[in-house]
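So you can see what is in the structure, the chains are spelled out below.
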Amino acid sequence: MPAIVLVGAQWGDEGKGKATDLLGPSADYVVKYNGGNNAGHTIVIGDQKYALHLLPSGILTPGVVPVIGNGVVIDPAVLFSEIDALEERGIDTSQLVVSANAHLIAPYHRTIDRVAERFLGNAKLGTTGRGIGPTYADKMSRVGVRVQDLFDEKILRQKIEGALELKNHLLVKVYNRRAITVDEVVEEFMEFADRLRPMTADTALLLSNALDAGKTVLLEGGQATLLDVDHGTYPFVTSSNPTTGGACTGSGIPPTRIDRVIAVVKAYATRVGSGPFPTELLDADGEKLRQDGAEFGTTTGRPRRTGWYDAVVARFASRVNGVTDFVLTKLDVLSGWERIPVCVAYDVDGVRHDEMPMTQTDFHHAKPVYEFLDGWDEDISAARTLEDLPKNAQQYIKALEEMSGAPMSAIGVGPGRDQTVQVRSLV
Ligand code: GDP
Ligand code: IMO
Ligand code: MG
């Protein structure tokens, strides 16, 4: 039985949360494998709206075991406030399992994230300020703190001492902040130890056993391909691997057990924070997309940058992730345009590029080469089959499919769970 990976194809906020929720009933386990509470997924079920950050979107599906994998970074206070908020709304979170190897976000990580951004000035990345980058940096530097460390206070203290030794120099001498004491961090973390213990497991073993038993495991990526620290628009990226490779390292499920890779792609493009964005619209058209698509961040409330669909980006996502299916979202937002530009290639200083340019400099110089597709006026939010869509909307989907490297297997026509045109089965 299959492991299925679901990734974002662009710069995040493609509608991964809704897509995961849609697939929820077909999955036995839904695993978050990267990122932390920098993610923001809005899921609409009937008249209820849920904003999830750290918990896998599968938490909203009864019967699914939600798993936070080893590749995730966890802010324990955020974890429990999210759990409590869902429980208050009648969602059962008792099945949640957390990897013993997941790293913890400490208060000093959040501080460093914010002050480092301030120091960068105009060159800032526009991070979410949640401590994500500094926590992954500590993981790689081997001075991180893991969930399992909470169960041995002596070890926890030693690790925090090790981590703070250098950091306090940085905080005090470079950033002009106060030093953080080992005691305050230990105390804060230990508050969560008893509550975390019963939900902690060797999740890689759990998932391997689940696959052996014929269960379906859905691996849900946070962020997206162009925010991947290896494959994205570095340095304007997040500090993890949202791409398919990250699904393996972040869960312990090997590549040989993955048989489907679903990429969620928006019918236009958005980006939050700094960094290159070739099809960005800085005019009234961009503002119209932002308003029509309600493009304001779930996590930070920042207005999202908006632009036209970029098929070079989609092809790239298809290639680096091994995409088998796309879920095309927010097609309904494009109703009302006479013609819709789609970027098919870049012009980089007079040279046509059909693939992502190799260097950061070239990508910063990339100008979109547009093809113009005919638009439609109809409200399509009630469509449930391809035939329900206006001819030009069908043509738009077909054209995107041909340019993007994989079939468009489901089309989102609204935020609601049922507002989907299912072209072929995804599981
Ligand atoms: P994620 O981070 O990829 O999970 O995406 P977000 O939840 O941050 O942003 C996607 C937004 O679009 C959410 O507010 C969703 O409710 C909404 N959404 C998802 N799919 C569709 C769709 O097909 N049409 C419309 N109009 N909204 C959608
Ligand atoms: P979801 O899962 C959109 C962006 C930030 C910033 C950069 C680095 O909802 O798609 P970080 O705090 O991760 O160090 O910030 O990455 N970013 C996102 N943009 N959607 C997200 O998640 C994002 N998570 C991080 O805006 O530019
Ligand atoms: Mg989001």
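What counts as what
Residues numbered from 1 in each chain as written. Chains lettered and ligands numbered in written order. Predicted model: local features only at pLDDT ≥ 70, side-chain atom pairs only at ≥ 80, totals over all residues. Heavy atoms only, no water. Donors = N, O, S within 2.8 Å, 3.2 Å for Na, K, Ca; no water. Helix = DSSP H or I, 4+ residues; strand = E, 2+ residues; numbered from the N terminus. Buried < 20%, exposed > 50% of the residue type's maximum accessible area, 1.4 Å probe, protein only. Pairing = 2+ DSSP bridges. Domains from an automatic or database assignment. Contact = heavy atoms within 4.5 Å. Buried area = accessible area lost by both parts, 1.4 Å probe. Salt bridge = Lys/Arg side-chain N within 4 Å of Asp/Glu carboxyl O. Polar contact = N/O pair within 3.5 Å; in protein donor to acceptor, adjacent residues only side chain to side chain. Nonpolar A, V, L, I, M, F, W, Y, C, P; charged D, E, K, R; others polar. 1 Å grid on protein atoms, 1.4 Å probe; cavity = no way out; pocket = protein on both sides within 12 Å on 5 of 7 lines; lining within 4 Å. Points joined across faces, edges and corners; volume = space filled by probe spheres on them. Near = heavy atom within 4 Å. Arc of directions from axis to C-beta.

**Q** Break down the coordination of the magnesium ion (ligand 3) for me, citing the residues and quoting the values.
**A** Surrounding the magnesium ion (ligand 3) are the protein donor atoms D13 (OD) and G40 (O), at 2.0 Å. Within this pair, whereas D13 is found in the loop between β1 (3–8) and α1 (16–23), its partner G40 is found in the loop between β2 (29–32) and β3 (41–45), the two being separated by 27 residues in sequence.

**Q** Tell me about the pairing of strand β11 (residues 258–266), and name the residues and values.
**A** Taken across its nine residues, β11 has eight buried, putting it largely inside the fold. Pairing analysis gives six bridges linking β1 to β11, with the strands arranged parallel. The partner of G8 across the bridge, within β11, is V264. In this sheet, strand β15 (residues 325–329) lies alongside β11 in parallel orientation, the contact comprising five bridges.

**Q** Break down the domain arrangement of the chain for me, citing the residues and quoting the values.
**A** Here the chain is partitioned into domain 1 (3–99 + 199–262), domain 2 (103–194) and domain 3 (266–311 + 330–404 + 413–422). Contacts between the two partners involve six residues from domain 2 and, on the opposite side, five residues from domain 3. Interface area, domain 2 with domain 3, both sides summed: about 370 Å², of which 39% is carbon and sulfur. The largest share of the area that domain 2 buries against domain 3 comes from G126, T128 and R130, three residues that together contribute 68% of it. If you look at where domain 2 meets domain 3, you find zero salt bridges. Linking domain 2 with domain 3 are four residue pairs in polar contact (both at pLDDT 80 or more), by the criterion used here. Looking at side-chain class alone, the side of domain 2 that touches domain 3 contains one nonpolar, three polar and two charged residues.

**Q** Outline the pairing of β1, listing residues and values.
**A** With six of its six residues buried, β1 lies for the most part within the structure. Residues A3, V5 and V7 line one face of β1 and the alternating positions I4, L6 and G8 line the opposite face, and both faces are buried. Where β1 and strand β10 (residues 217–220) come together, four bridges link them in parallel fashion. Opposite L6, over in β10, you have E220 as the bridge partner.

**Q** I'd like to hear about the layout of surface pockets, residue by residue, with values.
**A** In this model, the second largest pocket occupies a volume close to 560 Å³. Taken together, 25 residues line the second largest pocket, and the ones lying closest to its centre are T42, G293, R304, K330 and P415. Of all the secondary-structure elements, those providing two or more residues to the lining of the second largest pocket are α1 and β3. Residues that form the lining of the second largest pocket fall into these classes: six nonpolar, ten polar and nine charged. Summarising the domain contributions, the lining of the second largest pocket has at least three residues from each of domain 1 (3–99 + 199–262) and domain 3 (266–311 + 330–404 + 413–422).

**Q** Summarise the site of ligand 2; cite the residues concerned and give the values.
**A** Around ligand 2, a shell composed of 20 residues is seen, among which K16, N38, T128, Q223 and T238 lie nearest. Take G40: an N or O atom from its main chain is 2.9 Å from an oxygen atom of ligand 2. The separation between an oxygen atom of ligand 2 and a polar side-chain atom of R302 is 3.0 Å.

**Q** Account for helix α9 (residues 284–292), naming residues and giving values.
**A** Three or more residues of α9 are buried, namely G286, L289 and R290. Burial along α9 is one-sided: seen end-on, the buried residues are contained in an arc of 100°. Where α9 is buried, its residues meet β13 (305–307). Looking at where α9 begins, the residue whose side-chain oxygen comes 3.2 Å from the main-chain nitrogen of D285 is D283. Phi for A294, located one or two positions after α9, is positive at around 50°.

**Q** Provide a residue-level description of the environment of A201, including the pertinent values.
**A** Tracing the backbone through its elements, the reader meets A201 in strand β9 (residues 200–201). Look at A201 and you get partly exposed, because its relative accessible area is 23%. Measuring from C-alpha to C-alpha, the distance between A201 and G69 comes to 9.7 Å, with 132 residues separating the pair along the chain. When near neighbours in sequence (up to four residues on either side) are disregarded, A201 contacts V97, V98, S99 and A100.

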